[in-house]
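Letter by letter, the chains look like this.
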Amino acid sequence: MPLRYGVTMAHERDSATPASAKRATFVLLIWPEHQDGDPPLWRGMLETALGNRRYFRSLEELKQIVSDVGGWEDGLDSPPGGHSTA
């Protein structure tokens, strides 16, 4: 049975654009695929509020999908506002 999460993400494009102006809502499904006694491979699907679905096999693919769907160039390596915690 897949895990199902509702995710809302906001990312501020620049200091003149409030975070609420760039918001996307997703449904995220994650499930294990078992093969021949090996540890499960985790798979997932991200669905937009418009019903568009994108499937992924890795965290890197998920990050790319969120970036593409949300319209963010590189918003996943830092928190909203673009400030790095490192």
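Residues numbered from 1 in each chain as written. Predicted model: local features only at pLDDT ≥ 70, side-chain atom pairs only at ≥ 80, totals over all residues. Heavy atoms only, no water.

1. Remarks on the packing of aromatic side chains
For the structure shown, the criterion picks out one aromatic pair. Pairing Trp31 with Tyr55 gives two aromatic rings, centres 6.5 Å apart and planes at 75°, and the pair type is edge-to-face. Separated by 24 residues along the polypeptide, Trp31 in strand β2 (residues 23-33) and Tyr55 in strand β4 (residues 53-56) bring together distant segments of the chain. (Phe/Tyr/Trp six-rings, centres within 6.5 Å; stacked < 30°, edge-to-face > 60°. Helix = DSSP H or I, 4+ residues; strand = E, 2+ residues; numbered from the N terminus.)

2. Some points on unusual backbone geometry
A positive phi is found at Asp36, a non-glycine position, where the angle reads about 45°. In this structure, Asp36 sits in the loop between β2 and β3 (41-48).

3. Here's the deal with helix α1 (residues 59-70)
In this model α1 runs 16 Å from its N-terminal to its C-terminal C-alpha over twelve residues, within 8% of the 16 Å that 1.5 Å per residue would give. For α1, the complete set of buried residues consists of Leu62, Ile65, Val66, Ser67 and Gly70. (Expected span 1.5 Å × (residues − 1). Buried < 20%, exposed > 50% of the residue type's maximum accessible area, 1.4 Å probe, protein only.)

4. Remarks on the environment of Pro40
Tracing the backbone through its elements, the reader meets Pro40 in the loop between β2 and β3. By relative accessible area, Pro40 is classed as partly exposed at 32%. In this view, Pro40 contacts Pro32, Glu33 and His34; residues no more than four positions away in its chain are not counted. (Contact = heavy atoms within 4.5 Å.)

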